[in-house]
Each structure stands twice: as structure tokens, then as C-alpha cells.
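# Structural overview
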Amino acid sequence: SQQGEEDPQALSIQEGENATMNCSYKTSINNLQWYRQNSGRGLVHLILIRSNEREKHSGRLRVTLDTSKKSSSLLITASRAADTASYFCAEGGGNKLTFGTGTQLKVEL
Amino acid sequence: GAVVSQHPSWVICKSGTSVKIECRSLDFQATTMFWYRQFPKQSLMLMATSNEGSKATYEQGVEKDKFLINHASLTLSTLTVTSAHPEDSSFYICSATDHTTNQETQYFGPGTRLLVL
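An account of the accompanying structure is given in this report. (Residues numbered from 1 in each chain as written. Chains lettered and ligands numbered in written order. Predicted model: local features only at pLDDT ≥ 70, side-chain atom pairs only at ≥ 80, totals over all residues. Heavy atoms only, no water.)

Time to look at the overall build of chain B. In terms of regular secondary structure, chain B is built from zero helices and eleven strands. The order of α-helices and β-strands along chain B, N terminus first, is β-β-β-β-β-β-β-β-β-β-β. Since a compact globule built from 117 residues should have a radius of gyration of about 13 Å, the 13 Å found for chain B is in line with a globular shape. The principal-axis extents of the C-alpha atoms in chain B amount to approximately 40 × 25 × 20 Å. A burial count over chain B gives 49% of its 117 residues as buried. (Helix = DSSP H or I, 4+ residues; strand = E, 2+ residues; numbered from the N terminus. Rg over C-alpha atoms; globule rule 2.2 N^0.38 Å. Buried < 20%, exposed > 50% of the residue type's maximum accessible area, 1.4 Å probe, protein only.)

With that out of the way, let us pick up the side chain of Thr64(A). All names here are of chain A. Relative to the elements of secondary structure, Thr64 occurs in strand S7 (residues 61-66). Separated by 2.5 Å, the side chains of Thr64 and Ser73 make a polar contact. Those residues within four positions of Thr64 in sequence are excluded, and the remaining contacts are Ile49, Arg54, Glu55, Ser71, Ser72 and Ser73. (Polar contact = N/O pair within 3.5 Å; in protein donor to acceptor, adjacent residues only side chain to side chain. Contact = heavy atoms within 4.5 Å.)

Where strands meet in a sheet, backbone hydrogen bonds hold them as pairs that are either parallel or antiparallel. Residues and elements named next belong to chain B. The sheet built from four strands is open, its strands ordered S1-S3-S8-S7 with antiparallel pairing. A single partner strand is all that each edge strand has here, and the edge strands are strand S1 (4-7) and strand S7 (67-73). On average, adjacent strands in this sheet sit at an angle of 15° to one another, irrespective of strand direction. One ladder, built from five bridges, connects S7 with strand S8 (residues 76-81); its direction is antiparallel. (Pairing = 2+ DSSP bridges. Axes fitted to C-alpha atoms, helices over the stretch in contact; angles between N-to-C directions.)

Time to look at the state of the cysteines. Applying the stated rule across the entire model yields two disulfides over all chains. Here Cys23(A) engages in a disulfide with Cys89(A); their sulfurs sit 2.0 Å apart. For the disulfide bridge between Cys23(A) and Cys89(A), the dihedral angle about the S-S bond is near 70°, and by the sign convention the bridge is right-handed. With a gap of 66 residues between them, Cys23(A) in strand S3 (residues 19-24) and Cys89(A) in strand S9 (residues 85-92) connect regions that are remote in the sequence. For Cys89(A), a relative accessible area of 3% corresponds to the buried category. Looking at the unpaired Cys13(B), the closest cysteine sulfur is the one in Cys94(B), lying at 18 Å. (Disulfide = S-S within 2.5 Å.)

Further remarks concern the interface of chain B and chain A. Taken together, the contacts link 22 residues of chain B with 22 residues of chain A. Across the chain B to chain A interface the summed buried area is about 1,600 Å²; carbon plus sulfur atoms make up 48%. Between the two partners, chain B and chain A, sit one salt bridge. With its nearest N and O atoms 2.8 Å apart, the salt bridge here joins Lys96(A) to Glu59(B). Scanning the region where chain B abuts chain A turns up five residue pairs in polar contact (both at pLDDT 80 or more). At the level of secondary structure, the elements contributing two or more residues to the side of chain B that touches chain A comprise strand S4 (32-38), strand S5 (44-51), strand S9 (90-98) and strand S10 (102-108) of chain B. For the side of chain B that touches chain A, the residue count by class is nine nonpolar, nine polar and four charged. (Buried area = accessible area lost by both parts, 1.4 Å probe. Salt bridge = Lys/Arg side-chain N within 4 Å of Asp/Glu carboxyl O. Nonpolar A, V, L, I, M, F, W, Y, C, P; charged D, E, K, R; others polar.)

As C-alpha cells, this is what we get:
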């Protein structure tokens, strides 16, 4: 399987804290994407980072990419209860996406 | 923009029956649609890639005769689970790419939960 791995598998934090999720992938990539999935729902695209980029920001999200280590991280700053969801990294693009194992984030009030 | 819908959102059926799931791109044309399945607390696994007007490409281990995919138009793809069995119970999610703007991002439908009794 080419599926990447994410850690931690589960993360529980208090509202206002930062949440960091890590993703490791196995093949060379053109880009890496992060998605959010609320329980029992579809996926929402969060951010895409290209292989020639090292860091990217979008609102409270910050994504880093280290192609030498084949790893990426997603940082959510000032978390809110509404951020509670599963987060997946995915390598690939329009042709085919391979998802990581996911991190279940719970933000408590 | 870039909205994908699925119908039905959930379905319960008896073992041995067939179930059809529709995936529609509502405000864009999707030359390529993807079908995934997801078991509880697990990641998405790609089942097949569907290109409009041609046969779907199935991932290894996915039975094409069991999971029939039709992509007859640029806005509609269907997945039919034939002779469903309890082990087919899962969350099925489709996605589509907008070939006119951004081929790197897949837009996902809300998913269909299938329960086979």
C-alpha cells in the first residue's frame, strides 16, 4: 500500500490551543493536499502545497512540507470547537489521490 | 462553486439486491470522477476512476462486475453495487475534478452510507 501515515491518530486539545498534525508519505509528489472531514460527511479541501513550496498559510492554517523527509505538517492555530473533525493529507492531484490514515482532532470547550 | 452532490445520502437494503448511487457535479463539468469507500474510523480508499464516455479504471482488488460505474455525462456518474452483501456496508464518497479550472483539486460529495442487512 502507498498510503501515507499520519500522527497522531487522535488529538484532544482545549479551545484556543494550537493543533499540529503530521503526515508522512512514500512516493515523490507534485503536491500534497490537506482535507477535513466532519463525522459522517464528505471531505472539504483545506489547502494544497506544491513540491517546490516549503510553507503555506490560509487563515488559521499553516502547512509545511519537507520533501527530503517526505513529510508535511498541518498547524491549526487558536483552535475552535468547530475544528473538531478528522484531517487527512493526500498526495497526488486530479488524476489520483492517495490519502493518509488521518488524525481525529477533538477540540473541547 | 464546485459543488458535488450524492444521492441517496443513506440507503438500507437487503442482501442480494443492487443499489445505485448517483454523483453529480452541480455547477461545473467533471471529465473525471472518482469513487472511494471508507470504513468506520479509517481513511478513504480509491475504488475506481471514471472518465466521461469511457470505461472506468478500477483499483487493484476492486471487482468491476460488482461495482458497476457509469459516467455517461460530464455532470453525472453512477456507482451500482450489485448483489450487495453485508460486507459491502460502508460509506461511499465520490469526487470530481473541474477540467476547466483546476485539475489538482478534487471536490467531494457528502457521501452515501450503505447498510446491507
